[in-house]
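# Survey of secondary and tertiary structure
Here are the chains, one letter per residue:
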Amino acid sequence: MKIAMVGSGYVGLVSGACFADFGHDVCCIDKDQSKIDRLHDGVMPIYEPGLAELVDSNVKAGRLTFTTSLKEGIADADAIFIAVGTPSRRGDGHADLSFVYAVAEEVGQNLANDAVVVTKSTVPVGTGDEVQRILSESGTSHKVSVVSNPEFLREGAAIGDFKRPDRIVIGAEDEFGRDVMREVYRPLFLNESPILFVNRRTSELIKYAANAFLATKITFINEIADLCEKVGANVQDVSRGIGMDNRIGPKFLHAGPGYGGSCFPKDTLALLKTAEDYDSPTRIIEAVVKVNEGRKRAMGRKVLEALGGHDEARGKKVALLGLTFKPDTDDMRDSPAIAVAQTLTDCGVEVVAYDPEGMEIAKPMMPEVTMAADPYEAIENADAVAIVTEWDAFRALDLNRVKTLLKTPVLVDLRNIYRADDMRAMGFTYDSVGRP
Ligand code: UDX
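Residues numbered from 1 in each chain as written. Predicted model: local features only at pLDDT ≥ 70, side-chain atom pairs only at ≥ 80, totals over all residues. Heavy atoms only, no water.

## What to know about the site of the ligand
Around the ligand, a shell composed of 18 residues is seen, among which E155, H254, C263, K326 and R415 lie nearest. One of the side-chain nitrogen or oxygen atoms of E151 is found 3.4 Å away from an oxygen atom of the ligand. At 2.9 Å, a backbone N or O of H254 approaches an oxygen atom of the ligand. Coverage of the ligand by the protein amounts to 93% of the 660 Å² it exposes when considered alone. At three residues, the largest contribution of residues to the shell around the ligand is made by helix α10 (residues 200-231). In terms of domain composition, the shell around the ligand takes at least three residues from each of domain 1 (2-198) and domain 2 (294-431). (Near = heavy atom within 4 Å. Polar contact = N/O pair within 3.5 Å; in protein donor to acceptor, adjacent residues only side chain to side chain. Areas by Shrake-Rupley, 256 points an atom, 1.4 Å probe, with all protein chains shown as cover. Helix = DSSP H or I, 4+ residues; strand = E, 2+ residues; numbered from the N terminus. Domains from an automatic or database assignment.)

Next comes the structure, spelled out in structure tokens:
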């Protein structure tokens, strides 16, 4: 099969490289000349474990190419994937679909054969209908069917998620669309990955409903964590206790500083917008969005508490370990670390941070924060350490060294990666999330 991937960002590049690895002939297209040049040189635009190697081996095997020309890239393609960004539109939270529609128009003008056009970008319900309309009105004489195929890739684990998905969702309106998609995913069929065929609008909604549900699960356990702190319970044991119930499941019940990233914050807002447009309120999701937003600064206040409270904190120094919204990525979008740092600097606290991958992107976003070369440099002479992202490198810090370097042995663990008993036994004043 010949596949064109329009948009070589996170989703497009991972999907393109994985399809090529299945044996398809893939062309990744992007308007950004410097990005394509760098990809030709083997330089990845994002940090994702295993991606550089996967791209390299498939380029060498001749199955993966890159171009800035959409016309060239889609020539002979059986399936043309749209994987461009759908950021939150300024002001109203609606997904900005201008990039998706611009691609649909260009595809319509340049289509040289029958093809299936697949929206992989996360798009609100009804976008597929609009893409189909744009293509039909483009005057093309070729048969073209628009299919929705949302991605469920987690950053940092994207290649594994793509190759061994829990399910593949295909929203198609005709047999042509279903047949082509069956061929595209045949290698995964053989792995017995379940594939769910639904109508296009249902598929579009599945993506938003899945992300909103996961965001709800996280927010639920975060509020339970707050309650645990008040009543003297342990949220990790609560998670285990409820997660063993198959109807609930153990995943996405880790309490922490709130969800961030490129998907949950944007997709929950977009779903609220759709619900409002259709006059069908989703009050649970409204609450989730509000609670999560408030939580990030609340975590900053937790660190202030550890410094002796708002007034005592002024002039003190905090080492922030971890800036990205989660480990194994350099993505800073909506990262809780931004709000935590802001809350601290607003109160006159000096913040020195270290992150294994995120500092370059974080720097311009956090001008008041000083970046350190390693965790110990950040910790030196600080009044407290706050662990904000659970990078593996922070799971086994040399705690004796940490204690010696700190002015006062205070550690706030917003990801619950250390055991409270051990930390206290070592002489730390230790605080975490939802644990006694
Ligand atoms: C998510 C979805 O998992 C993926 O299916 C979708 O396609 C894109 O959005 P991603 O944003 O990469 O993926 O990260 P994920 O691992 O889901 O974590 C999202 C956020 O939730 C992070 O900030 C993470 O720290 C937080 N989280 C996750 C928790 O606080 N607790 C948990 O138990 C799980």
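Moving on from the model shown.
## Examining the environment of R295
Position of R295 among the secondary structure elements: in helix α13 (residues 283-306). For the pair formed by R295 and E223, sequence separation is 72 residues and the distance between their alpha carbons is 9.2 Å. Ignoring anything within four residues of it in the chain, the contact list for R295 reads N222, A225, D226, G256, P257, G258 and V433. A polar contact is formed between the side chain of R295 and the backbone oxygen of G256, at a distance of 2.7 Å. (Contact = heavy atoms within 4.5 Å.)

## Things to note about the domain arrangement of the protein chain
Examined at the domain level, the protein chain breaks down into domain 1 (2-198) and domain 2 (294-431). Of the residues lining the interface, six residues belong to domain 1; the matching set on domain 2 comes to eight residues. Contact between domain 1 and domain 2 buries roughly 580 Å² in total, counting both sides, with carbon and sulfur atoms accounting for 44%. Across the contact surface, domain 1 and domain 2 share two residue pairs in polar contact (both at pLDDT 80 or more). Tallied by class, residues from the side of domain 1 that touches domain 2 come to three nonpolar, one polar and two charged. (Buried area = accessible area lost by both parts, 1.4 Å probe. Nonpolar A, V, L, I, M, F, W, Y, C, P; charged D, E, K, R; others polar.)

## Notes on the sheet that holds strand β11 (residues 370-371)
What the six strands build is an open sheet, ordered β11-β10-β9-β12-β13-β14; its pairing is parallel. The sheet terminates laterally at β11 and β14 (429-432), the two strands that pair on one side only. Bridge count between strand β12 (residues 384-387) and strand β13 (residues 410-413): three bridges; the pairing is parallel. Looking across to β13, one finds that A386 is bridged to V412. Here α13 sits on the sheet in contact with β9 (317-321), β12, β13 and β14, set at roughly 160° to β13. (Pairing = 2+ DSSP bridges. Axes fitted to C-alpha atoms, helices over the stretch in contact; angles between N-to-C directions.)

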